[in-house]
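Chain by chain, the residues:
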Amino acid sequence: MTHAAKTPDSSKSLYGGITSRRITVRDIAAAKERGEKWAMLTAYDAMTASVFDQAGIPVLLVGDSMGNCHLGYESTVPVTMDEISILSAAVVRGTKRALIVGDLPFGAYQEGAVQALRNATRLVKEAGVGAVKLEGGERSAHQIELLVQAGIPVMAHIGLTPQSVNAYGGYPVQGRGEEAAQQLLRDAKAVQDAGAFAVVLELVPAELAAEVTRILHIPTVGIGAGPECDAQVLVWTDMAGMTQGRLPRFVKQYAQIREVLSGAAREFAADVVGGAYPAEEHSFH
């Protein structure tokens, strides 16, 4: 007697599946087990987040990348807990399905585990996020461990860690060379052992990222880390063509929203100057 092969339950998939509740870290772990790839985008406001949520993006990161693309800073370093908390709450309010991950900004966890717990708790209680993210491998393992023990899911972030831009002197690829590769592997294992439910790999050689993905039982989220990661993340303003200037090599633009908005603004202004707006149908009597 032969048995038909089991058909994967598409209702459990992160993209195009779960619709009746928030996605959780258990769903993320299950996706790794069945080999499902998934996408993550950043979001910083309720309206944009609602668009991505309705599009089926399963995980939204309220990243400290808001410093560069939303708040007008030159780097992520100046971003404060107040800013992260306010915008995280907005993203939570604008969504129904996505797992919302709030970033812990520079200075919010480096003092140690107690500081990390205090600020992560704030994001969970005040903003309503389902998880937090922090940078660092072995150096942040104790913070991750305490947060997880307290019931706060943690997404780790290794490789290029933008909060360390002043120490790096820029944004160089990480993990090149045997010594650097071994350190990245140690960092990956350290955050997994500490209890992180996923780990972002940023600006890491594709071959090294593939090895990390193979040896870890938690998902890897790539950004400039090649195609073998379990998931991929982009800053939404890069992805959608809002960002001005030179973009990183790993960015693929899927729209030119800046041009669309600019055209709409020019058309509006021309209508106002020329008297075409408001017309009779836009007026009250």
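Anything mentioned here points back to the structure above.
Residues numbered from 1 in each chain as written. Predicted model: local features only at pLDDT ≥ 70, side-chain atom pairs only at ≥ 80, totals over all residues. Heavy atoms only, no water.

Moving on, we get to the pattern of salt bridges. Inspection of the entire model under this criterion finds 6 salt bridges. Notably, a salt bridge pairs D103 with K133, separated by 3.0 Å at the nearest N-O pair. In this pair, D103 sits in strand β3 (residues 99–103) while K133 sits in strand β4 (residues 131–135), placing the two residues 30 residues apart along the sequence. Of the two residues, D103 and K133, neither departs from the other in class, the shared state being buried. (Salt bridge = Lys/Arg side-chain N within 4 Å of Asp/Glu carboxyl O. Helix = DSSP H or I, 4+ residues; strand = E, 2+ residues; numbered from the N terminus. Buried < 20%, exposed > 50% of the residue type's maximum accessible area, 1.4 Å probe, protein only.)

So, on to unusual backbone geometry. Omega for the peptide link from Y277 to P278 comes to 0°, which places this bond in the cis form. With a phi angle near 50°, L203 is a residue other than glycine that sits in the positive phi range. Among the structural elements, L203 can be located in the loop between β6 (198–202) and α9 (206–215).

Counting 58 residues, the largest nonpolar core has L60, L104, V132, L147 and L201 as the members making the most contacts within it. Among all residues touching L104, those that are not within four sequence positions of it are M81, Y109, A116, N119, A120, L123, V132, K133, L134, L147 and Q163. Membership of the second largest hydrophobic core comes to 20 residues, among which are W38, M40, V59 and V101. (Core = buried A, V, L, I, M, F, W, Y, C linked by side-chain atoms within 4.5 Å. Contact = heavy atoms within 4.5 Å.)

Attention shifts here to the pairing of strand β7 (residues 220–223). Burial along β7 is two-sided: T220 and G222 and V221 and I223, pointing in opposite directions, are all buried. Taking the sense of rotation as the criterion, the β-α-β connection linking β6, α9 and β7 turns out right-handed. Relative to strand β8 (residues 231–234), β7 is paired through 2 bridges, and the arrangement is parallel. If you follow G222 over to β8, its bridge partner there is Q232. (Right-handed = clockwise from strand over helix to strand, strands pointing away. Pairing = 2+ DSSP bridges.)

With that settled, the discussion passes to the sheet that holds strand β5 (residues 154–159). Spatially, 8 strands are ordered β1-β2-β3-β4-β5-β6-β7-β8 in a closed barrel, and the strand pairing comes out parallel. This sheet shows a mean twist of 25° between the axes of neighbouring strands, independent of strand direction. Pairing between strand β1 (residues 38–42) and strand β2 (residues 59–62): 3 bridges, direction parallel. Paired with T42 across the bridge in β2 is L61. Along the sheet face, helix α4 (residues 81–93) touches β2 and β3 and points at about 155° away from the line of β2. (Axes fitted to C-alpha atoms, helices over the stretch in contact; angles between N-to-C directions.)

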